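Structural overview for review
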Amino acid sequence: MASKPVALKILDIITILLLLVATGLVFFFAPLERVMGLVQKVFYFHVAAGWVGMLGFLVAAMVGGIYLARGERKWDIVGLASVEIGMAFAFINVVTGSIWARPIWNTWWTWDPRLTTATIMLLIYAAYLMLRSGIEDPDRRARFGAVYAIVGFISVPLTFFSARLFRTIHPVVIGTNQPGAEGAFDMTADMRLVFFFSLFTFSVIFVDLLWHRIRLGQLQDQVEQLKLKFNV
Amino acid sequence: MLFFLQEGPAQTGNYMIAGYVVIFGVMALYLVSLIVRRRNSIQDLETLQSLEEKEK
């Protein structure tokens, strides 16, 4: 097994530093929202986690297409890694959204179009992992996984645009906001700075985790090949 | 809706703490799972490689 590349070690350090700076900005630089109070500070990482979730599913769909075109197993490893990371962050997004909703909407959960589509998206990718675990033949598993990642990706733009297309109480952060939306707010320049820095930080976290997960996938692939050889 | 009538910001610090516990908790759990799975895979690989060498 290969030792950790120097570039990955550097990326690890950069990622940790960025996360520390982003956390510091959220707590000590971003202004206190005058109506919602401290819970609004969840917003910066809540949206960033949602972004990483969708980014993970986008990458999975793209590499799914590449796998179907070329049939190289490395793309399947990337696809699985992307979905797994995407799911972890989409989960963070949904749970922190619920925590934010409790004091602001006075409920932990409501079947609002954005919340519903985000949950369906999460369940679709949970089913992706279940589907994979049920198939033993690696090539068949990779093929099914690739097709599923492409088809499942339909849920991602549906989730993203749900707050824009349907009547919803979920605020639209980027683009036109709905002033009437419960919990909507206009960002100040400082808030915007922290928001975009958080998005950037989480994008770097995604790349770092993806690299680690791909290395794990390659290792697991080697183990699987040997297991098949020995019929273990 | 009552919080629109209040003077200062709403007292929502506990919810913020809960949110960040979830954020850092899930990220830490995922990191730990990566480390544990890597360690297990390395052990499996070493065992299988030693089996392969014995067969030769």
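So, here is what we can say about the structure in this document. None of the values given here were measured: they were computed from a predicted structure.

What counts and how
Residues numbered from 1 in each chain as written. Chains lettered and ligands numbered in written order. Predicted model: local features only at pLDDT ≥ 70, side-chain atom pairs only at ≥ 80, totals over all residues. Helix = DSSP H or I, 4+ residues; strand = E, 2+ residues; numbered from the N terminus. Buried ≥ 20, exposed ≤ 12 C-beta atoms within 10 Å, placed from the backbone. Axes fitted to C-alpha atoms, helices over the stretch in contact; angles between N-to-C directions. Left-handed = near helix turned anticlockwise from the far one by under 90°. Contact = placed C-beta atoms within 7 Å. Nonpolar A, V, L, I, M, F, W, Y, C, P; charged D, E, K, R; others polar.

**Some words on the overall build of chain A**
Check the secondary structure of chain A and you find seven helices and zero strands. When the helices and strands of chain A are listed from N to C terminus, the series reads α-α-α-α-α-α-α. When the backbone C-alpha atoms are referred to their principal axes, chain A occupies close to 65 × 40 × 30 Å.

**A closer look at the overall build of chain B**
From N to C terminus, chain B includes one helix and zero strands. Of all 56 residues assigned to chain B, the portion counted as buried reaches 16%.

**A short note on the packing of helix α3 (residues 73–105) of chain A against helix α4 (residues 113–133) of chain A**
All names here are of chain A. Close contact between α3 and α4 brings their axes to 10 Å; oriented N to C, the two are set at 145°. Pair α3 / α4 crosses with left-handed handedness. Between α3 and α4, the contacting residues are Leu80, Val83, Gly86, Met87, Ala90, Phe91, Asn93, Val94 and Gly97 on the first element and Leu115, Ala118, Thr119, Met121, Leu122, Tyr125, Ala126, Tyr128, Leu129 and Arg132 on the second. Taken together, the residues that form the contact of α3 with α4 break down as 14 nonpolar, four polar and one charged.

**A word on the environment of A:Leu32**
Relative to the helices and strands, A:Leu32 is located in the loop between α1 (6–29) and α2 (42–70). Along the primary structure A:Leu32 and A:Met191 are separated by 159 residues, whereas in three dimensions their C-alpha atoms are 9.3 Å apart.

**Quick word on the interface of chain B and chain A**
Every contact between the two is made by 25 residues of chain B and, on the other side, 32 residues of chain A. Across the side of chain B that touches chain A, the residue classes tally to 16 nonpolar, five polar and four charged.

**Topic: unusual backbone geometry**
Residues and elements named next belong to chain A. Although it is not a glycine, asparagine 106 sits at a positive phi angle of roughly 65°. By the secondary structure assignment, asparagine 106 is in the loop between α3 and α4. Of the residues examined, asparagine 106 has 12 C-beta atoms within 10 Å and is grouped as exposed.

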